[in-house]
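Inside the fold
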Amino acid sequence: MPLIRPFGLPEFWIILMAAQWTIALSAIAFAGGGLGGLLTALARVSDSRWLRGLSTGFIRLFQGTPLLMQLFLVFFGMNILGLAINPWVAAAVALTLHASAFLGEIWRGCIEAVPSGQREAATALGLRYVNRMRYVVLPQASRIAVAPTVGFLVQLIKGTSLAAIIGFTELTRQGQIINNATFSPFAVFGSVAVIYFMLCWPLSVLARRMEFRFSRSAVR
Amino acid sequence: MTDVTAGAAAADMRGSPDLAVRMEGVNKWYGAFHALKNIELSVQRGERIVICGPSGSGKSTLIRCINQLETIRDGRIVVDGYDLTGSKKNVDLVRQETGMVFQQFNLFPHMTVLENCTLAPMKVRGVSRAEAETTARKYLERVRIPEQADKYPAQLSGGQQQRVAIARALCMNPKIMLFDEPTSALDPEMVKEVLDTMIDLASEGMTMLCVTHEMGFARQVADRVIFMDRGEILEMGTPDAFFGNPQNERLKTFLGQIS
C-alpha cells in the first residue's frame, strides 16, 4: 500500500461512518443535558436560595468558559481522580454538563415566560408544586422552548467536533486521520463540513417550522 | 371596627366553627411599602362581603392573603377553622376549600374548558375522570356555557372565559369564593353575564368575598361593604349604611368619584 493514497469513495465512506459517533455523542449529551437542564432550570426558579445560587453558579461557570476547556478539564480531571483516561466517557460527561448548563438557562427563561397568573390559578386550585409544574407550567413553557432547544441542539452537534482534540474518533477526528493518509485537506474537510451540514440543516428547518406552528397555536 | 373577640378564640386550634374567615392584626409589607395595616376582619359563613377602594389600597392583597397567594409578616388568619400561621398543611387544606376568580381569568390556555375544570378535582382530590367530568359539566351548565366544554379558552369571549373560571373554581366544591375584580378586564357588554353568575352563586348561600367596583352588585348582594384605602379598613357596614350614610371622609370622596 502506498504511503499516500488518493481520496476516493472508500475514504469518504470511512468519514461518513464516523458520523455515527458524532450522532451518538450528540444524542447522549442531549439526553443527559435534557435531564440535567430540566433540574437546573427548576433549581433556578425554585424558592430555595441555596438551590438558586448553586444552579446560577453552575450555569455561569459553563457559560463563561470555552467548551474546549471544559473537555480538557474533564479529560485531565479524570486522570487526577485516578480514573482511566477514556475520551469517550470524558467527551460524554463534558458535553452533558455543557448541555445541562445551557439548556437550564434556556428553559429557565421559558418557564419564567409563562405568566405568573397561571401559577397563581393553579395554586389557588390547591395544586401543589409538582402538579403545578407538570400540568400547568411546563406544558406551556415547553411550547416556547421547542425552537431555542432545537437551535441549541445544532450548536451541540457542531460542538462535538471539539472532542476530536482529546482523541475521540468522531467525524472531525476521522477527517484528520483520513487527511493524514491522503493529504487532500480541501476534499477531506469539505466532505466533513457537508456531513455536518446535512445533520444540522434539517434541524434548523424543523426549528423554524415548529416556531411557526406554535406561534400560530398560541393565538388559536 | 373590631368585631373580633380575639383573646378567647386565640387559644383553640380550629377556632369558632361558624366563622368562615378571621383575620387578626394582619400586617403585610412589600419592601418598605406597608400594604396591609392591622387588618381585623371576621366573615360569617354564608356572608357576602364586597371590598372596594382606590387602586393600590390593598383590597386585592387582602383577599389574596386568605388563600396565601400572599404571605403576611404578622398577625393571624384563620380560614374555616384552619390557622394558616406556620402550617403548610393547613394552607394546602384551605386552598382546596377556597375558590378564586382572577381579573385576568387565568384559564390554562393549553387545556380545553373541560380539562380546565377537571384538572384540580382529579389531581388534588383524586376524583376519577368520569366523575370529574360529570361535575364539570354540571357547573358549566350552571354558568350557562355547557356547549363550550370542548373549546379552548382563546376561542371564547372574555365573559365566557370568566364564567369558565367560576365553574373551574366551583368544581372543587369550595366553601368560600374569592373574587378579585372579576369584571374589570371585561368589555362592558359582558360584565352583566358574569355578575348574574355571581348573583346566582350568592343566592345559593356561598360565602363570598368580592373585590369589585360594581356598586350596583354591592347594593344588591352584599351583606357588608368594606372600604379600604392605603392598606387600612376605613369603613365597614351594610350597603344601606355604607352608601346612604358614609362616615369616613375618604369614603365620601371615593363614592363621589365613582358614582
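In short, a report on the structure.

Reading the values: rules and limits
Residues numbered from 1 in each chain as written. Chains lettered and ligands numbered in written order. Predicted model: local features only at pLDDT ≥ 70, side-chain atom pairs only at ≥ 80, totals over all residues. Heavy atoms only, no water. Helix = DSSP H or I, 4+ residues; strand = E, 2+ residues; numbered from the N terminus. Expected span 1.5 Å × (residues − 1). Buried < 20%, exposed > 50% of the residue type's maximum accessible area, 1.4 Å probe, protein only. Arc of directions from axis to C-beta. Contact = heavy atoms within 4.5 Å. Polar contact = N/O pair within 3.5 Å; in protein donor to acceptor, adjacent residues only side chain to side chain. Nonpolar A, V, L, I, M, F, W, Y, C, P; charged D, E, K, R; others polar. Salt bridge = Lys/Arg side-chain N within 4 Å of Asp/Glu carboxyl O. Pairing = 2+ DSSP bridges. Axes fitted to C-alpha atoms, helices over the stretch in contact; angles between N-to-C directions.

Here we look at helix 5 (residues 129-142) of chain B
Residue and element names in this part refer to chain B.
- The end-to-end C-alpha separation of helix 5 is 20 Å, in line with the 20 Å expected for 14 residues at 1.5 Å each.
- Buried residues of helix 5: A132, A136, Y139 and L140, and no others. On an axial view of helix 5, the arc spanned by its buried residues comes to 105°, and they lie on one face. Facing away from the buried side of helix 5 by over 90 degrees, the exposed positions are A130, T134 and E141.
- Where helix 5 is buried, its residues touch helix 4 (113-124) and helix 6 (158-170).
- Phi turns positive, to about 65°, at R144, one or two residues after helix 5.

Details of the interface of chain A and chain B
- Each side of the interface is counted separately: chain A has 19 residues, and chain B has 24 residues.
- Inspection of the chain A/chain B interface yields six residue pairs in polar contact (both at pLDDT 80 or more).
- Elements with a minimum of two residues in the side of chain A that touches chain B: helix 5 (116-124) and helix 6 (129-159) of chain A.
- Across the side of chain A that touches chain B, the residue classes break down as nine nonpolar, six polar and four charged.

Here's the deal with the pattern of salt bridges
Residues and elements named next belong to chain B.
- All chains considered together, the criterion is met by 25 salt bridges over all chains.
- Residue K28 pairs with E70 through a salt bridge whose shortest N-O separation is 3.5 Å. Of this pair, K28 sits in strand 1 (residues 19-30) while E70 sits in the loop between helix 2 (59-66) and strand 4 (74-79), and the two are 42 residues apart along the sequence.
- Residue E70 is classed as buried on the basis of its relative accessible area, which comes to 12%.
- Across the pair E47 and R224 runs a salt bridge, and its minimum N-O distance is 2.7 Å. In this pair, E47 sits in the loop between strand 2 (33-44) and strand 3 (48-52) while R224 sits in strand 9 (residues 224-229), placing the two residues 177 residues apart along the sequence.

So, the sheet that holds strand 8 (residues 207-211) of chain B
All names here are of chain B.
- Spatial ordering of the open sheet is given by 6-7-8-3-9-10, a layout of six strands whose pairing is mixed. The open sheet terminates on both sides in strands that have one partner only, identified here as strand 6 (98-101) and strand 10 (232-237). Taken pair by pair, the neighbouring strands of this sheet meet at an average axis angle of 15°, ignoring direction.
- Sheet analysis places strand 9 next to strand 10, joined by five bridges and oriented antiparallel. Residue M228 lies in a different strand from strand 10, and its bridge partner there is I233.
- Across the sheet, helix 3 (residues 88-97) lies against strand 6 and strand 7 (176-180), angled at about 60° from strand 6, the strand it touches most.

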